[in-house]
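In case you want the letters, here they are:
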Amino acid sequence: MYEEGRRFFISSYSLPTEWQIEQTDIAAAMPLAAVDEEVEIRLSAPLNSLPLADLCGANTNAVIVCDRAPGDEARLAILRGVLSHLERAGIAPNRVTLLIAALDDETPTDAEPPHGVNATLDRLGDYASRIHIVQHDPEDVRELDDMGNFEGVPLTINYRAAEADLLIAIYAMQLDDDAYYVGSCTTITLGVVGTPARRELRTTRFYDDRIEPSALDLPLFQRVMREGARRAGLMFAVGALVDAEGHPLAIRAGAPINVDSALADAARALRECDVGAPSYDVVLAEPNRSGHVGGSLFDASLAAIHISLGRNPILMRGGPLILPIGRREDDGTSARAFYDALTNAPSPESVIKQLQGRSLQAGEARAYLLAHAMQRHRLIVAGPQRERLARDIHFLSSSSVREAAELAENFTGKHPRALIVRHALSTTPVFRGTLFTLDSFEERELAVPHWN
């Protein structure tokens with residue numbers, strides 16, 4: 001699936017020569033050479049499940065829930081394989097429904113429009129062209145079955161999914177997606193539920209587990225996702241891990257929780273990169289998004305959250321996080337909500353207070369998480385940017401990485417231990433060595449930032 005070893009780079013940044021610098025990047029991922037064959041292999045030998053043909057018969061009503069309209073290579077290959085197995089099981093196409101999950105404000109603008117799915121399926125063959133296609137509408141209460149309440153979430157689920165004899169989920173996740181929010185259970189419990197459930201699942205209590213993760217229990221969000229999928233009767237899942245260009249890197253099929261865990265493990269193996277110390281005085285993180293070099297302020301916020309709020313953060317508490325960015329601007333719905341939430345509050349603490357307890361849009365949720373990251377670390381954006389906007393959303397601003405490094409030295413001294421994280425949105429630095437060392441820097445904690 002991927003090449004052995006890690007790539008290390010000679011720094012292109014003008015960092016002070018006195019700094020102790022380590023650099024790292026993700027492993028080189030190799031796309032699958034034969035996607036259709038891989039799908040067939042996984043469907044024929046599923047994880048902790050009988051094959052699809054053994055889960056259904058000629059009189060089975062099957063519903064396939066897809067997290068997005070299937071217009072990309074991975075989802076189309078999975079759908080083609082699943083339909084092939086249903087056809088072999090003798091299920092008539094009029095007993096098969098493709099239910100497409102509701103859109104949200106994070107769905108890419110280039111996503112396949114639902115009205116174009118019919119033409120797409122026509123190209124998959126006669127059987128695929130004759131199945132039912134439905135776009136889930138979370139506002140249409142006539143299409144919802146009440147599956148009860150769990151952890152304060154009203155689980156009203158599309159009746160087609162709830163009443164299916166065989167419920168299948170298919171999905172794809174990118175390396176820079178957060179596996180916390182992606183999976184077959186999420187495809188059901190977030191994708192085909194009613195608006196009240198979706199609204200409740202966006203309240204801040206579902207983000208607080210990420211801010212202070214528990215070492216013992218599953219996060220609240222994942223517990224609700226699994227329970228909703230269980231009540232809906234989800235029996236089988238097929239998922240893909242894809243790269244920035246959408247090329248499949250791994251396919252898994254079988255029992256839903258096993259598939260989700262296996263793909264999360266595959267993603268983790270590609271994301272994680274060994275580092276030489278348990279913590280660093282300074283981290284420089286490149287917020288490159290899906291192959292684009294030179295991220296925006298909006299991208300920088302996601303890199304900051306990833307580095308600062310990780311389960312085992314490698315940046316010392318109070319330490320500076322430098323985020324090199326380019327001139328690219330964001331004007332999407334999520335970005336506007338993000339900027340509004342931050343600029344309408346005088347400090348990160350105020351952002352948290354204003355958003356606490358509310359149901360958040362995607363951009364507001366990112367602002368909420370970023371404000372928590374700002375309470376832990378000093379966030380410095382470096383490069384050509386709208387300086388007034390950067391300061392208004394509570395970043396420290398600098399015109400270059402060199403200037404950012406000089407600013408960071410005010411907090412760390414002249415000889416900090418620094419880590420450069422390439423592709424920070426899809427890289428997770430991990431220390432696997434012993435914590436018992438004579439290096440005194442591990443015992444130091446930098447001052448928690450104070451805001452004027």
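How each quantity is defined
Residues numbered from 1 in each chain as written. Predicted model: local features only at pLDDT ≥ 70, side-chain atom pairs only at ≥ 80, totals over all residues. Heavy atoms only, no water. Helix = DSSP H or I, 4+ residues; strand = E, 2+ residues; numbered from the N terminus. Polar contact = N/O pair within 3.5 Å; in protein donor to acceptor, adjacent residues only side chain to side chain. Contact = heavy atoms within 4.5 Å. Pairing = 2+ DSSP bridges. Axes fitted to C-alpha atoms, helices over the stretch in contact; angles between N-to-C directions.

A.B. asks: For this particular structure, what's the right way to read the environment of Pro384?
C.D. replies: Tracing the backbone shows Pro384 in the loop between β13 (378–382) and α16 (387–392). When the C-alpha atoms of Pro384 and Ser400 are compared, they prove to be 7.5 Å apart, with 16 residues separating the residues in sequence.

A.B. asks: Would you mind going over the side chain of Arg198 with me for this structure?
C.D. replies: By secondary structure assignment, the location of Arg198 is in helix α8 (residues 195–200). Looking at Arg198, its side chain comes within polar contact range of the main-chain oxygen of Leu103, at 3.0 Å. Of the polar contacts made by the side chain of Arg198, one reaches the backbone oxygen of Leu190; its length is 2.8 Å. Sequence-distant contacts of Arg198, defined by excluding residues within four places in its chain, comprise Ala102, Leu103, Asp104, Pro138, Leu190, Gly191 and Val193.

A.B. asks: Any chance you could explain the sheet that holds strand β3 (residues 96–100) here in plain terms?
C.D. replies: For sheets, the rule is that strands pair by backbone hydrogen bonds, running either parallel or antiparallel. Judged by pairing direction, the sheet is mixed, and its six strands sit side by side in the order β4-β3-β2-β7-β8-β9 without closing on themselves. Only two strands of the sheet have a single neighbouring strand rather than two, namely β4 (132–135) and β9 (248–254). Going across the sheet, the axis of each strand differs from the next one's by a mean of 15°, ignoring polarity. Across the sheet, helix α3 (residues 73–88) is in contact with β2 (62–66), β3, β7 (166–174), β8 (234–242) and β9; its angle to β7 comes to roughly 160°. This element, helix α11 (residues 256–271), spans β7, β8 and β9 of the sheet and lies at about 15° to β8.

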